[in-house]
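Observations on the model geometry
Here are the chains, one letter per residue:
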Amino acid sequence: MIRKLGSALGVFLVGSLLAAGALAHEGHDHGAPPPAAVTTLAPRAEAASADFELVAVLRDGALSIYLDRFADNAPVDGAVIELDTPSGTQAAKAAEPGTYVVAAPFAAAPGTHDLAFTVTAGGTVDVLATTLTVPAAPPPVEARGAASAALAEFGGPQVGVLAGIAVGFLAGVLLMSLRRRGAALLLVAGLGLALPAAPQSARAADAATRDAAQRLPDGTVIVPKPSQRILGVRTVVTASGAFARTVELPGRVVPDANASGLVQTAVGGRLAPPKGGFKALGTRVAAGEILAYVHPPIGASDLKDLEQQGFELDQQIAIVKRRYERLSAIQNAVTRREVEETEIELKGLETRRANLERVQREPEALRAPVAGVIATSDAVAGQMADPNTVVFRIVDPERLWVEALSFSPEAGREGAQGRLSDGRAVPLAYVGAGLSDRNQAVPVQFAVAGDVPGLRTGQLLTVLATSGAPRPGIAIPREAVVRGANGQAIVYEHAGAERFVAREVKTEPLDAGRVLVTAGLEPGRRVVAQGAELIDQIR
């Protein structure tokens, strides 16, 4: 008897909770799952010509006009736009660079409206015609029953939730006393059905207040014009041509042998800074400028020998000096030759004595062999340096070379470019190739032909050297190519003003800033050159 009473009570409670859930959701049927939320776009119209691309978006009774150049998708600023509407001609006002606003009272009525935009920019005048479709307003919500209206006026869905919780609490107490697991499961299921879901109308209203980028099921990406401005989307028009085959070579930056030098010690000794201290890294120095001093160490025995030589020279100088004085006093009694020979002997002894003093006290001056910038420095005050120690390396940053390893000594003879890790291009000029292999490859040297800021010796880069006969294809920027989920190379075609279509392509390296598309793309297409990586992230 108790088991039958518990089952009947469980069925009753589930029915009560379903009724409460129905009241909480204003009579909606939840038998089927809710439809997936779709981002809505405001009514819009687009038009394009050989010079301009225009998108007009209707929102809050006004048209926001986005004007871009057709070829590269860059915003057109400072244009004059006149709009011909069914109610007359109106002039648009500039709101932001490339964005213009005009009132649209004619669009208050649903239906199709033919529009004509007269654009004047930079001496170019163009007329763009399009049609704006304004959808009809959604039908009003049907009147509820008296009970539903009273419930909504009192509290709406909250009342239904509270009622369901109260019934569930009382039923839980009774079912716990009956200790029936099956009835408890029915209660939990009823409570889950009684919880209200978020109103679909609220989500749709929030989505209608903005235009969000989205990816359609077929892979097409919709990017509204305001989002394109934020992402900085730029395009190029593809064109076919013949391009020489390019090979990629590993390379590194080396100093020009004619514009660099080493500062080494000739003898060992203790380093000392010049007046003003040691030069810092990156300091520009002139040829012959003193960079450091080397004080040679003198042992005790060597010092004794030098002192003995000094004493002997002092004695010889004194003897010769007195003889010279005597001969000078009796010049009439001696020959002129004896006086001159004594004078020359005295000067030679004095020079030897001065050189001996300099050896003891004067340090070796390390001078810059060439003009340039200090690239490396190992100078420390008081440091003991061995003979031939490299203390400074001087490099001219305006005269640098690039050394690459190639399997062909002819690679790059017709032209080459370097590509740094940050994507910058380095113009190169062929210098020569070695005759001996290095790691089973031939070293090839190129001279940096242009000014590349931040280039430093030892920096690694990729050298793209021309080799072989020209091949047909389409050259596009490297930034335009992204990798798909399957690793395939993809470019995004600007198929419409706000529509982008992914195209799988086959590419080969061309130079530092471009790749050659050999399949998957046709000439005359607009391809995203900047912002493709960001568009690929839209889901």
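First, a word on what this report is: a plain description of the structure on this page. (Residues numbered from 1 in each chain as written. Predicted model: local features only at pLDDT ≥ 70, side-chain atom pairs only at ≥ 80, totals over all residues. Heavy atoms only, no water.)

**A short note on the environment of Glu53**
- Looking at where Glu53 falls in the secondary structure, it is placed in strand E2 (residues 52–59).
- The exposure class of Glu53 is buried, given its relative accessible area of 2%.
- In this structure, the C-alpha to C-alpha distance between Glu53 and Arg69, residues 16 residues apart in sequence, is 5.9 Å.
- Filtering out sequence-adjacent residues up to four positions away, Glu53 remains in contact with Ala47, Ala48, Tyr66, Leu67, Asp68, Phe70, Asn73, Lys225, His494, Gly496, Ala497 and Arg526. (Helix = DSSP H or I, 4+ residues; strand = E, 2+ residues; numbered from the N terminus. Buried < 20%, exposed > 50% of the residue type's maximum accessible area, 1.4 Å probe, protein only. Contact = heavy atoms within 4.5 Å.)

**As for the nonpolar core**
- Formed by 26 residues in total, the largest nonpolar core has its most connected members in Leu63, Leu67 and Phe117.
- Among the elements of the structure, strand E1 (44–48), E2, strand E3 (62–69), strand E4 (80–85), strand E7 (99–103), strand E8 (111–121) and strand E9 (124–134) are those that each provide at least two residues to this core.
- With residues up to four places along the chain from it excluded, the contact list for Phe117 reads Leu54, Ala56, Ile65, Ile81, Glu82, Leu83, Asp126, Val127, Leu128 and Thr130.
- Membership of the second largest hydrophobic core comes to 20 residues, among which are Leu249, Val253, Val395 and Val452. (Core = buried A, V, L, I, M, F, W, Y, C linked by side-chain atoms within 4.5 Å.)

**With respect to the sheet that holds E7**
- Strand order in the open sheet formed by five strands is E1-E2-E3-E7-E6, and the pairing between neighbours is antiparallel. Of all the strands in the sheet, just E1 and strand E6 (93–96) have a single pairing partner and so form its edges. The average undirected angle you get between the axes of adjacent strands in this sheet is 25 degrees.
- Here five bridges tie E3 to E7, and the two strands are oriented antiparallel to one another. Pairing of Ser64 across the sheet is with Val101, part of E7. (Pairing = 2+ DSSP bridges. Axes fitted to C-alpha atoms, helices over the stretch in contact; angles between N-to-C directions.)

**A few points about the sheet that holds strand E14 (residues 260–264)**
- The four strands lie next to each other as E14-E21-E19-E16, forming an open sheet whose pairing is antiparallel. With partners counted over all chains shown, the strands left at the sheet margins are E14 and strand E16 (284–285), one partner each.
- Relative to strand E21 (residues 390–395), strand E19 (residues 372–377) runs antiparallel, the two sharing four bridges. Directly across from Val373, in E21, lies its bridge partner Val395.

**Description of unusual backbone geometry**
- Of note, Asn73 is a non-glycine position whose phi angle comes to about 65 degrees, a positive value.
- Examined against the element boundaries, Asn73 turns out to sit in the loop between E3 and E4.

**Overview of the side chain of Thr246**
- When you line up the elements, Thr246 lands in strand E13 (residues 240–255).
- Within the structure, the side chain of Thr246 is placed 3.5 Å from the backbone oxygen of Ala244, a separation counted as a polar contact.
- There is a polar contact of 2.6 Å between the side chain of Thr246 and the backbone oxygen of Leu510.
- Here Thr246 is in contact with Leu464, Ala465, Thr466, Ser467, Arg471, Pro509 and Leu510, once residues within four sequence places are set aside. (Polar contact = N/O pair within 3.5 Å; in protein donor to acceptor, adjacent residues only side chain to side chain.)

**Some details on the pairing of strand E23 (residues 416–419)**
- Strand direction decides the pairing type here: E23 and strand E24 (residues 425–433), joined by four bridges, are antiparallel. Within the sheet, the bridge partner assigned to Gly418 lies in E24 and is Val426.
- Linking E23 to E24, which pair antiparallel, is a turn of five residues; within it Gly423 sits at a positive phi near 90 degrees.
- Of the pairings in the sheet, the one linking E23 to strand E26 (residues 460–477) comprises four bridges and is antiparallel in character. From the neighbouring strand, Arg419 faces E26, where its bridge partner is Thr462.

**Considering the packing of aromatic side chains**
- Counted according to the given criterion, the structure contains one aromatic pair.
- The lysine or arginine in question, Arg526, covers the ring of Phe70, its NZ or CZ lying 4.0 Å from the ring centre. (Phe/Tyr/Trp six-rings, centres within 6.5 Å; stacked < 30°, edge-to-face > 60°. Lys NZ or Arg CZ within 6 Å of the ring centre and 35° of its normal.)

**A short note on the side chain of Arg44**
- Among the structural elements, Arg44 can be located in strand E1.
- Taking the relative accessible area as the measure of exposure, Arg44 reaches 18% and is therefore buried.
- A polar contact is formed between the side chain of Arg44 and the side chain of Asp211, at a distance of 2.9 Å.
- Of the polar contacts made by the side chain of Arg44, one reaches the side chain of Glu498; its length is 2.9 Å.

**Quick look at the pattern of salt bridges**
- All chains considered together, the criterion is met by 24 salt bridges.
- A salt bridge links Glu53 to Lys225; its shortest N-O distance comes to 3.1 Å. You can see Glu53 sitting in strand E2 and its partner Lys225 sitting in helix H6 (residues 225–231), a full 172 residues away along the chain.
- In this structure, Glu522 and Arg525 form a salt bridge, with 3.0 Å as the shortest nitrogen-oxygen distance. (Salt bridge = Lys/Arg side-chain N within 4 Å of Asp/Glu carboxyl O.)

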